[in-house]
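# Secondary and tertiary structure notes
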Amino acid sequence: MNPKQPAAKPLVIAADHGGFELKTFLVKELERMGRPVVDLGCHSPESVDYPDYADRVAEAIARGEADMGILVCGSGIGISMAANRHRHIRAALVHDHLTARLARQHNDANVLVLGGRLLGPEVARDCLETFLATEFEGGRHSRRIAKFSCAPNELADAVPSSPRRPN
Ligand code: RB5
């Protein structure tokens, strides 16, 4: 490790019971890839409430313990909704290679969300690898992300609108 460079932050991962099995698989994949990961639960297939696990990941990112997270519930829908209630979270529910790539390139997603009851392990691994390997493109996408959660008066100051720009 270069002593001048700060150590890379770990990823944080959490799931409800519907995502427990896929989360267990993803933790092993991350370890195989040599990516440090902190598992914030749940730690068994016993029934739990997915917003509690969305909050764990969002709060760890807010505290600066991680820059990126992974969340899994049965469909991915509920846990992504809950995570996106946090203003600093851009959680993207991803289904395949393309949505994993676009979530990073266009949306600068900081949380990858997967449906544990929907995806097989090969597709989930590809989503994970693609999400982690893809950079945000910036440019016009930065302006759009800057509009997230802005009240109208904040918005007027923050970002000019551009109705006729393509893509
Ligand atoms: C739990 O049964 C299930 O509702 C949850 O994992 C998730 O799919 C919700 O969106």
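One can find the structure itself at the top, above this paragraph.
Below, the structure is looked at part by part. (Residues numbered from 1 in each chain as written. Predicted model: local features only at pLDDT ≥ 70, side-chain atom pairs only at ≥ 80, totals over all residues. Heavy atoms only, no water.)

Take helix H4 (residues 97-105) next. For H4, the full list of buried residues reads Ala100, Ala103, Arg104 and Gln105. In the core, the buried residues of H4 are packed alongside strand S4 (91-93), helix H5 (121-133) and helix H6 (140-146). (Buried < 20%, exposed > 50% of the residue type's maximum accessible area, 1.4 Å probe, protein only. Helix = DSSP H or I, 4+ residues; strand = E, 2+ residues; numbered from the N terminus. Contact = heavy atoms within 4.5 Å.)

Moving on, we get to the pairing of strand S1 (residues 11-15). In terms of residue burial, S1 counts as a mostly covered element, since 5 of its 5 residues are buried. Residues Leu11, Ile13 and Ala15 of S1 are buried on one face, and the alternating residues Val12 and Ala14, pointing to the opposite face, are buried as well. On the question of chirality, the crossover connecting S1 to the parallel strand S2 (residues 37-39) by way of helix H1 (residues 20-32) is right-handed. Direction of pairing for S1 relative to strand S3 (residues 69-73): parallel, over a ladder of 4 bridges. For Ala15, the partnering residue across the bridge sits in S3 and is Val72. (Right-handed = clockwise from strand over helix to strand, strands pointing away. Pairing = 2+ DSSP bridges.)

In the vicinity of the ligand, the residues found are Asp16, His17, Tyr50, Cys73, Gly74, Ser75, Gly78 and Arg117. For the ligand, an oxygen atom lies 2.6 Å from a polar atom in the side chain of Asp16. Contact between the ligand and Gly74: an oxygen atom at 2.7 Å from a main-chain N or O atom of the residue. Look at the ligand: alone it shows 290 Å² of surface, and the protein chains cover 70% of it. For the shell around the ligand, the residue count by class is 2 nonpolar, 4 polar and 2 charged. (Near = heavy atom within 4 Å. Polar contact = N/O pair within 3.5 Å; in protein donor to acceptor, adjacent residues only side chain to side chain. Areas by Shrake-Rupley, 256 points an atom, 1.4 Å probe, with all protein chains shown as cover. Nonpolar A, V, L, I, M, F, W, Y, C, P; charged D, E, K, R; others polar.)

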